[in-house]
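Observations on the model geometry
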Amino acid sequence: MKSTKSPISLLIIYWVANFLLVGLIILLTGIFTRGKGPAPQGLSEDSFAMANSVVNIVAVLVIFLAFVSLLIFRKLILNIKGNQTFVSGNIRRLRILSFSLIAFCLLSALQKWLFFIFLAPALHLEMQEIWNSFNYFLLFLALFFLALGHVFSIGLKLQRERDLTI
Amino acid sequence: MCIIVNLDVMLARRKMSLTELSEKVGITMSNLSILKTGKAKAMRFSTLDAICNVLECQPGEILEFKSGK
């Protein structure tokens, strides 16, 4: 197969996205250290340990979703680089990426919510902080990817029609 | 689709092979095959003009409409 040179902008986007997502994973792993040590005042050792484990399980799911999103995005960029833009695989990838980002947003919000439900009374934190920390940017990004998937599906239809025009 | 491409009939009448037509018209074999098997979604006037020119026929002899098919 003939190899084509990719536009430099795509490479820049790819590497910036890689760095951002790796940074995100590193930041998220910091969650594991949260809540370690002696239980705060007003919370028994058992409830503190349970709260920690529940929060950590959700955090693992969040990291897994971030990793899956990274892999899907990488494959998508590689496909576009190889001049395979309007293919059904890319539409599927964009949809999966979008839904995994939505799940990522919801799970990270749930993880914060669980943290505050279990530990806020003991740490004297305000519930308001949960909504302040919700990642609206990623949610809009997920909706953008969903719309892009729809645009790609129209593009695929048009390309098929063009291929069958003699 | 109700539009039928009678390219094979015209080729038989003119005793011409698909390869010969492909060379004379300047269309790839795969595209002519798509046209012959009826998989094509559309046909350019320039293509039709070139085919009619080589086969010395009218567009109506190549294209046919059959209702209810």
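These numbers were taken from a predicted model, which means no experiment stands behind them.

**With respect to helix H3 (residues 29-36) of chain B**
Residues and elements named next belong to chain B. Along H3, the positions that sit buried rather than exposed are Leu32, Ile34 and Leu35. The buried residues of H3 all sit within an arc of 155° when viewed along its axis, so they share a single face. The elements touched by buried residues of H3 are strand E1 (3-5), helix H1 (7-13), helix H2 (18-25) and helix H4 (45-55). In the stretch just after H3, glycine 38 is the one whose phi turns positive, near 80°.

**Let's talk about the packing of H2(B) against H3(B)**
All names here are of chain B. Running from amino to carboxyl end, H2 crosses H3 at an angle of 115°, the nearest separation of the two axes being 10 Å. With respect to the hand of their crossing, H2 and H3 are arranged in right-handed fashion. Facing H2, whose interface residues are Leu18, Thr19, Leu21 and Ser22, H3 presents Met29, Leu32 and Lys36.

**Considerations on the interface of chain A and chain B**
Listed per partner, the contact involves four residues of chain A and eleven residues of chain B. Between chain A and chain B, a total of about 710 Å² is buried, with carbon and sulfur atoms accounting for 66% of that surface. Among the residues of chain A in contact with chain B, Leu164(A), Thr165(A) and Ile166(A) are the three that bury the most area, contributing 88% of the side total. At the junction of chain A and chain B, the tally comes to zero salt bridges. Scanning the region where chain A abuts chain B turns up five residue pairs in polar contact (both at pLDDT 80 or more). Split into classes, the residues belonging to the side of chain A that touches chain B amount to two nonpolar, one polar and one charged.

**A look at a nonpolar patch on the surface**
Residue and element names in this part refer to chain A. A grouping of Leu110, Trp113 and Ile117 is seen on the molecular surface, where their side chains present a nonpolar patch of about 250 Å² in accessible area. If you trace the backbone, leucine 110 turns up in helix H3 (residues 88-123). On the basis of relative accessible area, leucine 110 is assigned to the partly exposed category, the value being 33%.

Cut-off values and rules
Residues numbered from 1 in each chain as written. Chains lettered and ligands numbered in written order. Predicted model: local features only at pLDDT ≥ 70, side-chain atom pairs only at ≥ 80, totals over all residues. Heavy atoms only, no water. Buried < 20%, exposed > 50% of the residue type's maximum accessible area, 1.4 Å probe, protein only. Helix = DSSP H or I, 4+ residues; strand = E, 2+ residues; numbered from the N terminus. Arc of directions from axis to C-beta. Contact = heavy atoms within 4.5 Å. Axes fitted to C-alpha atoms, helices over the stretch in contact; angles between N-to-C directions. Left-handed = near helix turned anticlockwise from the far one by under 90°. Buried area = accessible area lost by both parts, 1.4 Å probe. Salt bridge = Lys/Arg side-chain N within 4 Å of Asp/Glu carboxyl O. Polar contact = N/O pair within 3.5 Å; in protein donor to acceptor, adjacent residues only side chain to side chain. Nonpolar A, V, L, I, M, F, W, Y, C, P; charged D, E, K, R; others polar. Patch = residues over 30% accessible without salt bridge, like charges linked within 9 Å, V, L, I, M, F, W, Y side chains within 5 Å. Areas by Shrake-Rupley, 256 points an atom, 1.4 Å probe, with all protein chains shown as cover.

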